[in-house]
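Okay, here's what each chain looks like letter by letter:
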Amino acid sequence: MMDNLRAAANHVVLKIILALIILSFVLTGVGNYLIGGSGDYAAKVNGQTIERAQLEQAFQSERSRMQQQLGDQFSALAGNEGYMQQMRRQVLSQLIDNMLLDQYAKKLGLTVSDDQIKDAIRKAPYFQTNGQFDNAKYLDLIGRMGYTADNFAQSMRQQLVNQQVIQAFGDSGFVLPSESQAMAALVLQERDVRLAIIDLKALQAKQSAGDDELKAYYDQNKNSFIAPEQVKVSYIPLDAASMQDKVKVSEEDISAYYDQHKSSYGQPERKNYSVIQLKSEAEANAALDELKKGADFATLAKEKSTDIISRRTGGELGWLEPETTADELKQANLTEKGQLSGVVKSSVGFLIVRLNDIEPEKLKPLSEVHDAIAKQVQQEKAVDAYYALQQKVSEAATSDNESLASAEEAAGVKAAQSDWFTRDNIPAALNFKPVVQAIFDGSLIGENGAPGSNSDVITVDGDRAFVVRVSGHKPEGIEPFDQVKDRVADLVKRNKALQAAKLQGEKLLVELKQGKGDEAMKAAGLSFGAVQKMARAPEDSQLVESVFALPHPQDGKPVYGMSQDRQDNVVLIALDAVKPGTLPEDEMKTFVGKMEEGATGVSFDSLLASLRKEAKIKMGAAEQQPQ
């Protein structure tokens with residue numbers, strides 16, 4: 001449990017998910033977390049209910065994660081009812097653990113404030129554009145993940161509280177020096193081994209299986225041969241970008257657009273101001289008197305202005321347009337070049353303003369903006385034509401629902417045809433969530449595999465759309481024996497080969513342990529390879545685990561064992577020597593830190609085990625319904 005939580009805290013994909021969860025909490029608020037009701041719940045933990053909807057959401061999330069991780073291989077697993085039921089139970093077990101931790105955190109008074117959540121959101125880089133929070137990016141990511149805002153909010157609060165519980169155990173680990181030395185010797189231990197491999201593929205090639213045997217295996221393992229739902233579709237793609245080449249823009253169109261949007265191609269009136277800023281009204285009046293007597297404005301600004309920025313340029317502020325002109329300057333109401341204001345009160349003191357120059361409003365000539373307008377008009381016409389085409393194709397697809405012929409005529413293109421595909425291998429051209437939902441939600445599928453109805457126009461990405469027709473449908477079901485016979489034959493022969501390899505290995509292992517191995521190995525055409533050093537790894541294989549499970553050799557005599565490698569070959573092991581691991585002093589400090597983390601993990605797992613033992617957990621009907 002601790003390893004899973006620690007991994008979740010460090011995995012970058014999960015950090016993104018946590019950021020999404022935090023954001024939705026602040027932006028949408030906490031809604032109805034435990035929706036549903038009635039007796040159809042997943043579980044009750046100390047009287048608190050885990051509803052069906054929570055389990056379904058968590059299960060679908062785990063299913064999507066596994067599908068992304070395994071790709072096409074997931075189809076076979078998804079067809080195995082036992083595997084999917086086990087996944088469902090594991091997901092529910094995690095939800096129960098989370099609820100127990102949440103309840104425990106409440107007893108400890110651990111909470112997450114809104115300010116903590118808001119601070120985390122603003123700092124999350126995943127929703128930022130140019131260092132600023134981007135709400136559109138947030139909405140896009142949340143939509144892709146298929147979560148509701150309320151689910152995100154509840155999960156985030158749960159995750160953050162759980163992290164606080166974990167941190168509460170962060171300083172509980174303590175390891176003695178003797179323990180760390182002993183652990184380093186064990187964990188970093190190396191073993192010298194020689195291996196002899198009984199090749200499974202070679203044995204499999206020698207096996208045979210009759211039709212009756214294959215049929216019997218198929219009948220006993222039908223759930224391993226489930227074909228997922230398949231469809232093939234006809235579709236018409238519509239694309240606004242492709243309309244631009246078909247749109248013609250005349251000079252009259254360009255002139256008309258220019259006349260209608262002249263404000264977009266002009267430069268408003270600009271004024272150039274200078275200013276002297278003073279602390280008091282008396283000082284401002286004194287300066288104004290000097291200016292009226294002929295004092296130089298720039299010289300006086302450099303000497304007396306308290307505005308250190310404009311003072312360097314003799315008070316000059318440069319050219320300002322109406323939108324960038326401060327209210328105090330507008331209040332001076334200067335209209336003529338060289339005009340001097342009276343004393344103007346401002347939030348920073350008292351000002352004297354002079355209007356240095358005026359530049360009247362200008363309009364860029366059509367020749368200067370001609371090409372930009374032509375491009376803009378072409379884009380707008382293309383969009384108009386695109387939506388007009390959408391409407392035309394939609395009407396045609398609806399009025400003639402027996403085929404896409406009318407829609408093809410309206411669109412001016414032939415419909416494309418897909419091959420058979422499942423939910424797990426959507427063609428790239430159709431891989432858009434709205435399109436996939438329309439194809440598989442059942443509304444377009446005919447009865448008994450017959451063609452169904454035309455879809456309406458399905459918009460994706462704003463400027464693209466599709467009209468889709470399911471031209472063929474195969475529901476999920478057990479694949480017929482004739483279609484999987486070759487696969488069944490491979491499995492039966494592989495099982496026979498594996499049994500033969502294990503039997504041969506066990507016989508040879510007995511001979512080796514009795515000191516008669518050389519002759520027996522030679523008779524079997526096997527020999528041990530060269531000595532290789534083997535160390536532990538974070539994800540040890542069965543073979544490595546078997547090597548490290550063997551006892552230490554005594555009196556220079558090897559110890560023998562048997563295991564399997566990652567290809568399921570049976571492997572005979574000769575363990576010749578065991579060498580304890582060592583670490584330099586500086587690396588030992590890091591190692592001790594890791595050990596203390598492990599001690600924290602043990603404490604945390606013990607806490608969780610205790611919470612489960614003391615809890616009243618009742619499973620509901622929804623727990624047993626795989627999706």
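My aim in this report is to walk through the structure given alongside it, one point at a time. Quick caveat, the model's predicted, so the values are computed rather than measured. (Residues numbered from 1 in each chain as written. Predicted model: local features only at pLDDT ≥ 70, side-chain atom pairs only at ≥ 80, totals over all residues. Heavy atoms only, no water.)

### A short note on the pairing of strand 19 (residues 559-564)
Here comes step 1: In terms of residue burial, strand 19 counts as a mostly covered element, since five of its six residues are buried.
Here comes step 2: Direction of pairing for strand 19 relative to strand 20 (residues 570-579): antiparallel, over a ladder of six bridges. Bridging from a neighbouring strand, Y560 pairs with A574 of strand 20.
Here comes step 3: The antiparallel hairpin formed by strand 19 and strand 20 contains five residues in its connecting segment, where D568 sits at a positive phi of about 70°. (Buried < 20%, exposed > 50% of the residue type's maximum accessible area, 1.4 Å probe, protein only. Helix = DSSP H or I, 4+ residues; strand = E, 2+ residues; numbered from the N terminus. Pairing = 2+ DSSP bridges.)

### A look at the pairing of strand 16 (residues 464-474)
Here comes step 1: Most of strand 16 is tucked away: eight of the eleven residues are buried.
Here comes step 2: In this sheet, strand 16 lies alongside strand 7 (residues 230-239) in antiparallel orientation, the contact comprising ten bridges. In the strand pairing of strand 16, Y235 is matched with V468.
Here comes step 3: In terms of strand pairing, strand 15 (residues 458-460) meets strand 16 through three bridges, oriented antiparallel. Each residue of the ladder has a partner; that of V460, found in strand 16, is R464.
Here comes step 4: Hairpin connection of strand 15 to strand 16: three residues between the antiparallel strands, including D461 at a positive phi of 55°.

### What to know about the nonpolar core
Here comes step 1: Residues I50, M87, L92 and I96 are the most contacted members of the largest nonpolar core, which totals 26 residues.
Here comes step 2: Mapped by element, the contributors of at least two residues to this core are strand 1 (41-45), helix 3 (52-70), helix 4 (73-78), helix 5 (81-108), helix 8 (149-168) and helix 24 (585-614).
Here comes step 3: Setting aside anything within four residues of it in sequence, one finds I96 in contact with A43, V45, I50, R612, I617 and M619. (Core = buried A, V, L, I, M, F, W, Y, C linked by side-chain atoms within 4.5 Å. Contact = heavy atoms within 4.5 Å.)

### What about the pattern of salt bridges?
Here comes step 1: One pass over the full model with this rule turns up 18 salt bridges.
Here comes step 2: One salt bridge connects K304 with E290, and the closest N-O pair in it is separated by 2.5 Å. Linking K304 in helix 15 (residues 297-304) with E290 in helix 14 (residues 281-292), this pair joins segments that are 14 residues apart in sequence.
Here comes step 3: As a salt-bridge pair, R487 and E479 come within 3.1 Å of each other at their nearest N and O atoms.
Here comes step 4: Assessed through its relative accessible area of 37%, R487 is described here as partly exposed.
Here comes step 5: Its relative accessible area of 16% is what places E479 among the buried residues.
Here comes step 6: Among the charged side chains, a network of salt bridges with common partners joins R52, E56 and R88. (Salt bridge = Lys/Arg side-chain N within 4 Å of Asp/Glu carboxyl O.)

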